Amino acid sequence: MRIAGFHILRVGLAITFLWIGILILKSPESWGGYLKPWAAGLLPIPLSQAMIGTAILDIIIGFLLLIDFWGWIAALLGAIHLIIVLLVSGITDITVRDIGLLAALLAIMIDSLPQDVINKIKFLKK
Amino acid sequence: MTSLALIFTLAAIGISETSYLIRKRITFEKPVCPLGEECLKVLTSQYSRIFIIPNDLLGFLSYLVISFIAAFLVIGVEPVKFWTIALKILVAIASLVSVFFTYLQWKVIRAWCFWCLMSALTIWLMEIIILINF
C-alpha cells in the first residue's frame, strides 16, 4: 500500500473509533439498543456496563491506531470487534458500513504486520 | 456537537502528527518532508524546545488535552462551563504560540517545516471554529 494512503486510512479509522467510543460513553443505553435481544440476553453484566466497556475498547483501539503504536494489534482487535458487532446487531442500514470499516482494518492489519510475525506465519505454513 | 466533532477530529490529527515527530526524534530518524527538505533545519533549530521541553511533546500534550476537553463536553462531564472556558483559553494560547512559531520559520530560521505549518493550520482551524460557534 502506498505510504501516504496507509496513514490517511489509519488516522481516519482511528478518529472513527475514538468518536464512536465517545458517543457510546455519552449514551450507552441507546447504543445498547442495537444489540439483538438474544445477544443482550447472553451478557453476564448489565447492558450499559457492557456498552461502556465497548466504548473504552473503541477508544483504546482508536488511540493505538492514531499514534501508530501496535497498529496491527489494534487493527486486529478492531476487526474482531466489528465482526462481533455485525454478529450481534445483524446487517442493518447502519451496521452495513461496518463492512467497509472491517475491510479497511484488515488492510491496515496486513500492511502493518511486523516482520517476525510474518516469518512465524510463513514457518507455520511449511 | 458538530463543532466539537470538528475540534476533536483536528485534535486527533494533531496527536497523530506530533506522535510521528516524537517517534522520529527519539529514533534519530529523518522525518518525511512532503514540501521541500527544510523540515530538519526547523526541527533541529534552537527554537525546537521551550526551555527543556521539545515542541513536539508540548504539541502532543496540548492536542491530547484539547481532545479530552472536547470529549468531556460531548459526554456532558460537569462542570461544562469550566471545560468550555478551558477549551477557549487553551486553543487561543496554542494559536498565538503557532503564530510565533510561524513567524520564527519565516523571519528567523528562514526555512519552512511542513509538519509545523500543518500543526499551526490545525490549531488555527480550531480557533476559527471556536470563534464562530462558541
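Residues numbered from 1 in each chain as written. Chains lettered and ligands numbered in written order. Predicted model: local features only at pLDDT ≥ 70, side-chain atom pairs only at ≥ 80, totals over all residues.

Colleague: How should I be thinking about the overall build of chain A in this particular structure?
Modeller: The secondary structure content of chain A amounts to 7 helices and 0 strands. By its C-alpha atoms, chain A is 45 × 35 × 25 Å across when sized along the principal axes. Residues classed as buried in chain A amount to 28% of the 126 residues present. (Helix = DSSP H or I, 4+ residues; strand = E, 2+ residues; numbered from the N terminus. Buried ≥ 20, exposed ≤ 12 C-beta atoms within 10 Å, placed from the backbone.)

Colleague: Honestly, the overall build of chain B in this entry has me stumped. Any pointers?
Modeller: Counting its regular elements, chain B contains 5 helices and 2 strands. In chain B, the succession of helices and strands from N to C terminus is α-α-β-β-α-α-α. Projected onto its principal axes, the C-alpha coordinates of chain B cover approximately 45 × 30 × 30 Å. Looking at chain B as a whole, 32% of its 134 residues are labelled buried. Across chain B, every contact between residues at least 6 apart in sequence was considered, and the portion connecting residues at least 24 apart equals 75%. (Contact = placed C-beta atoms within 7 Å.)

Colleague: For this particular structure, what's the right way to read the environment of Pro28(A)?
Modeller: All names here are of chain A. With respect to the element layout, proline 28 can be found in helix α2 (residues 28–32). In this structure, the C-alpha to C-alpha distance between proline 28 and leucine 47, residues 19 residues apart in sequence, is 8.1 Å. When near neighbours in sequence (up to four residues on either side) are disregarded, proline 28 contacts Ser48, Met51, Ile52 and Ala55.

Colleague: Can you help me understand the packing of helix α1 (residues 2–26) of chain B against helix α3 (residues 55–75) of chain B in this one?
Modeller: Each pair of packed helices can be described by the angle between their axes along with the distance between the axes. Residues and elements named next belong to chain B. The geometry of α1 relative to α3 is characterised by a closest axis approach of 8 Å and an angle of 155° between their N-to-C directions. One element, α1, and the other, α3, form an angle in the roughly antiparallel class. You can see that α1 and α3 cross each other, and the crossing is left-handed. Note on element contacts: α3 touches α1 through Asp56, Leu57, Gly59, Phe60, Tyr63, Leu64, Ile66, Ser67, Ala70, Ala71, Leu73 and Val74, opposite Leu4, Ile7, Phe8, Ala11, Ala12, Gly14, Ile15, Thr18, Ser19, Leu21, Ile22 and Arg25. (Axes fitted to C-alpha atoms, helices over the stretch in contact; angles between N-to-C directions. Parallel < 35°, antiparallel > 145°, perpendicular 65-115°, else oblique. Left-handed = near helix turned anticlockwise from the far one by under 90°.)

Colleague: Help me out: how do you make sense of helix α5 (residues 71–89) of chain A in this one?
Modeller: Since the α-helix advances by 3.6 residues per turn, residues separated by three or four positions end up pointing in the same direction. Residue and element names in this part refer to chain A. Its 19 residues place the ends of α5 26 Å apart at the C-alpha level, agreeing with the 27 Å of an ideal helix rising 1.5 Å per residue. Of the surrounding secondary structure, the elements contacted by the buried residues of α5 are α1 (3–26), α4 (47–66) and α6 (97–111). A positive phi of about 80° marks glycine 90, the residue just after α5. (Expected span 1.5 Å × (residues − 1).)

Colleague: Is there a simple way to explain the interface of chain A and chain B in this structure?
Modeller: Where the parts come together, the accessible area they lose is often given as the size of the interface. Taken together, the 11 residues of chain A in the interface contact 12 residues of chain B. For the side of chain A that touches chain B, the element with the most residues is α1(A), which contributes 8 residues. Split into classes, the residues belonging to the side of chain A that touches chain B amount to 9 nonpolar, no polar and 2 charged. (Nonpolar A, V, L, I, M, F, W, Y, C, P; charged D, E, K, R; others polar.)

Colleague: I keep staring at the confidence of the model for chain B and nothing clicks. Help me out?
Modeller: Atomic detail in the predicted coordinates should be set aside for any region of low pLDDT. Mean pLDDT over chain B: 92, with 100% of residues reaching 70 or higher. This complex was scored by the predictor with a pTM of 0.89 and an ipTM of 0.88. (pLDDT = per-residue confidence, 0-100.)

Colleague: Looking at this structure, I do not really get the confidence of the model for chain A. What am I missing?
Modeller: This prediction gives chain A a mean pLDDT of 90; 98% of its residues lie at or above 70. α4(A) holds the highest mean pLDDT among the elements of chain A, 95, whereas helix α7 (residues 115–125) of chain A holds the lowest, 82.

Colleague: Explain α4(A) to me, please; I cannot follow it from the model alone.
Modeller: Compared with the 28 Å implied by 1.5 Å per residue over 20 residues, the 28 Å span of α4(A) between its first and last C-alpha is a close match. Turning to α4(A), the residues buried within the fold contact α1, α2 and α5 of chain A together with α1 of chain B. Asp68(A) occupies a position one or two residues after α4(A) and carries a positive phi of about 55°.

Colleague: For this particular structure, what's the right way to read unusual backbone geometry?
Modeller: Keep in mind that most residues, glycine aside, have a negative phi and that most peptide bonds are trans. The peptide bond linking Glu78(B) to Pro79(B) adopts the cis configuration, its omega dihedral lying at -5°. With respect to the secondary-structure elements, Pro79(B) resides in the loop between α3 and α4 (80–109). At Asp68(A), a residue that is not glycine, the phi angle is positive and equals roughly 55°. Of note in this structure, Arg110(B) is not a glycine but carries a positive phi near 60°. Mapped onto the fold, Arg110(B) is located in the loop between α4 and α5 (114–133).

Colleague: Can you walk me through the environment of Ile56(A) in this structure?
Modeller: All names here are of chain A. Along the chain, isoleucine 56 turns up in helix α4. Since 13 C-beta atoms lie within 10 Å of it, isoleucine 56 is described here as partly exposed. A sequence separation of 38 residues divides isoleucine 56 from leucine 18, and the C-alpha atoms of the two residues are 9.0 Å apart.

Colleague: How should I be thinking about the packing of α1(A) against α1(B) in this particular structure?
Modeller: Closest axis-to-axis distance for the α1(A)/α1(B) pair is 10 Å, and the angle between their directions is 130°. As judged from the angle between their axes, α1(A) and α1(B) are oblique. Relative to α1(B), α1(A) is oriented so that their crossing is right-handed. Contact residues: Val11(A), Ala14(A), Ile15(A), Leu18(A) and Trp19(A) in α1(A); Ala5(B), Phe8(B), Thr9(B), Ala12(B), Ile13(B) and Ser16(B) in α1(B). Here the contact of α1(A) with α1(B) is built from residues that sort into 9 nonpolar, 2 polar and no charged.

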